[in-house]
Amino acid sequence: MINSNYVPSHVAIIMDGNGRWAEKRFLPRAAGHNAGMKAMKEIVKAASTLGVKHLTVYAFSTENWKRSQEEVGAIFKLLIKYVKSELMELNQNNVKVKVLGDYSAIPEAAKESLEQLLESTKNNTGLQFNIALNYGSRMEIVRAANAINEAISKGIICGPITEDMLSSYLYTGVENGSIPDPELIIRTSGEQRLSNFLLWQCAYTEFFFTDTLWPDFDKDEFERILESFRNRDRRFGGRK
Ligand code: IPE
Ligand code: IPE
Ligand code: MG
C-alpha cells in the first residue's frame, strides 16, 4: 500500500561529485567541497523539517586518505568551518550529531571541533544527523567482529554470534543509539556503487542514483526522491 505522506525513518546519502563540480568551473577541488558543504546544510534542514529521524551522510571514507594532502587538509578545515557556522542552528533545530567511523585519526583541530559538536548536541531529540567520517564498512564489520570476540572471551556476552549481536557492535549500533537500517540510499554524480558504505546495513535498502553533482543537489530533488521512494514496492523477500 502506498502512503502518500510516508517519510523514511533513515535516509543515507553518498555525497559524490564535488571534485567534478569544481573542475567544470576551473576551480580547485576544495571549492567543490565548500559548495558541497552548502548543499549538505540545506539537506540537513530539509530532512529535519520533513520529519526524517536519521540522516546519514558519507563525508570521508577510509579510502579517501589516498587523496592529496592538500585536498584532505581542505576537507578537514571545512569541517571546522561547518561546526563554527552551524552549531547554533543545529541546536535551535534540535538536531543531534553523531559520527560513524574512526575519527581519532583525523587532524587534532578538526577532532576538537567535532567533539564540541557531538557534546553540544548530545541531548537534542530531533533529527539524528550521522556523519560517516573516516568510515569504511569492511573496517566497521571487522571492528565489530573483534569486539564480539573480546566480549565473549571475557565472559561479558555468550555465543553463538547472531545477526542482532553483530548489528549492535557496528557504528550504527548501541554506541550511536541503535540506528535503524537505511530505508533509502541516495548517491549523486552518476556513479552506481557503494564505495564501502553501509554494506551490512543496506541488505534491503532502496537505492536512488542521480546524475546531479552533490553541490547542485537541493531540497526539491530530495523531496522528489522521497516521493519516488513512496512508489517503490518493498517486498523483503515475501510474496504479495
Ligand atoms: C565527494 O566528492 C566528496 C568526498 C569524497 C570527500 P568527490 O571529491 O569524490 O568528487 P568527484 O567524485 O571527484 O567528482
Ligand atoms: C565515496 O566517494 C566517499 C564519499 C562520498 C565520502 P568516492 O568519490 O571516494 O568514491 P569512488 O572512489 O568514486 O568509489
Ligand atoms: Mg567521488
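Please refer to the structure placed before this passage.
Not measured: the values here are computed from a predicted model.

**Points about the side chain of threonine 210**
- With respect to the helices, strands and loops of the structure, threonine 210 is situated in the loop between strand E6 (206-209) and helix H7 (219-230).
- What makes threonine 210 buried here is its relative accessible area of 9%.
- Among the polar contacts made by the side chain of threonine 210, one reaches the side chain of threonine 212 at a distance of 3.1 Å.

**Details of the site of ligand 2**
- Near ligand 2, the surroundings consist of Ile14, Met15, Asp16, Tyr58, Ala59, Phe60, Asn64, Arg67, Arg187, Arg193 and Ser195.
- Separating an oxygen atom of ligand 2 from a side-chain N or O atom of arginine 193 is a distance of 2.8 Å.
- Considering ligand 2 on its own, with 390 Å² of exposed area, one finds that the protein chains cover 78% of that surface.
- More than half of the atoms belonging to ligand 2 lie within 2 Å of the grid points that define the largest pocket.
- Among the elements that make up the shell around ligand 2, the one with the highest residue count is strand E2 (residues 54-61) (3 residues).

**So, the pattern of salt bridges**
- Applying the stated criterion across every chain yields a total of 19 salt bridges.
- Here arginine 67 and glutamate 71 are joined by a salt bridge, their closest N and O atoms 2.9 Å apart.
- Take arginine 67: its relative accessible area is 32%, and that puts it in the partly exposed class.
- By relative accessible area, which is 10% here, glutamate 71 ends up buried.
- Here glutamate 119 makes a salt bridge to lysine 122, at a shortest N to O gap of 2.9 Å.
- Given the relative accessible area of 41%, lysine 122 is considered partly exposed.
- Through salt bridges with shared partners, one network takes in Asp16, Arg20, Arg187, Glu191 and Arg193.

**Some thoughts on empty space enclosed by the protein**
- On inspection of all chains with the given rule, the structure shows 1 cavity of 30 Å³ or more.
- Lining the largest cavity, in full, are Lys41, Val44, Lys45, Ser48, Tyr82, Glu86, Glu89, Leu90, Asn93 and Val95.
- Contributing elements (two or more residues each) for the lining of the largest cavity: helix H2 (29-50) and helix H3 (69-92).
- Along the lines of polarity and charge, the residues of the lining of the largest cavity split into 4 nonpolar, 2 polar and 4 charged.

**A word on the site of ligand 1**
- Among the 13 residues in the neighbourhood of ligand 1, the closest are listed as Asp16, Gly19, Arg20, Arg29 and Arg67.
- In the model, an oxygen atom of ligand 1 is placed 2.8 Å from a nitrogen or oxygen of the aspartate 16 side chain.
- Relative to its free-state accessible area of 380 Å², ligand 1 is covered by the protein chains to the extent of 87%.
- With respect to the detected pockets, ligand 1 is housed in the largest pocket.
- By residue number, the principal contributor to the shell around ligand 1 is helix H1 (residues 18-24), which donates 3 residues.
- Taken together, the residues of the shell around ligand 1 sort by class into 3 nonpolar, 5 polar and 5 charged.

**Some details on the sheet that holds E2**
- Across the sheet, which stays open at both edges, the 6 strands sit in the order E3-E4-E2-E1-E5-E6 with parallel pairing between neighbours. Pairing within the sheet leaves two strands with one partner each, and these edge strands are strand E3 (96-100) and E6. With strand direction ignored, the average angle separating the axes of adjacent strands in the sheet is 20°.
- The strands touched by H2 are strand E1 (10-14), E2 and strand E4 (128-135); relative to E2, the strand with the most contacts, the crossing angle is about 160°.

What counts, and at which threshold
Residues numbered from 1 in each chain as written. Chains lettered and ligands numbered in written order. Predicted model: local features only at pLDDT ≥ 70, side-chain atom pairs only at ≥ 80, totals over all residues. Heavy atoms only, no water. Helix = DSSP H or I, 4+ residues; strand = E, 2+ residues; numbered from the N terminus. Buried < 20%, exposed > 50% of the residue type's maximum accessible area, 1.4 Å probe, protein only. Polar contact = N/O pair within 3.5 Å; in protein donor to acceptor, adjacent residues only side chain to side chain. Near = heavy atom within 4 Å. Areas by Shrake-Rupley, 256 points an atom, 1.4 Å probe, with all protein chains shown as cover. 1 Å grid on protein atoms, 1.4 Å probe; cavity = no way out; pocket = protein on both sides within 12 Å on 5 of 7 lines; lining within 4 Å. Sits in = over half its atoms within 2 Å of the grid points. Salt bridge = Lys/Arg side-chain N within 4 Å of Asp/Glu carboxyl O. Points joined across faces, edges and corners; volume = space filled by probe spheres on them. Nonpolar A, V, L, I, M, F, W, Y, C, P; charged D, E, K, R; others polar. Pairing = 2+ DSSP bridges. Axes fitted to C-alpha atoms, helices over the stretch in contact; angles between N-to-C directions. Contact = heavy atoms within 4.5 Å.

Interpretation in functional terms is not warranted from these geometric data alone.
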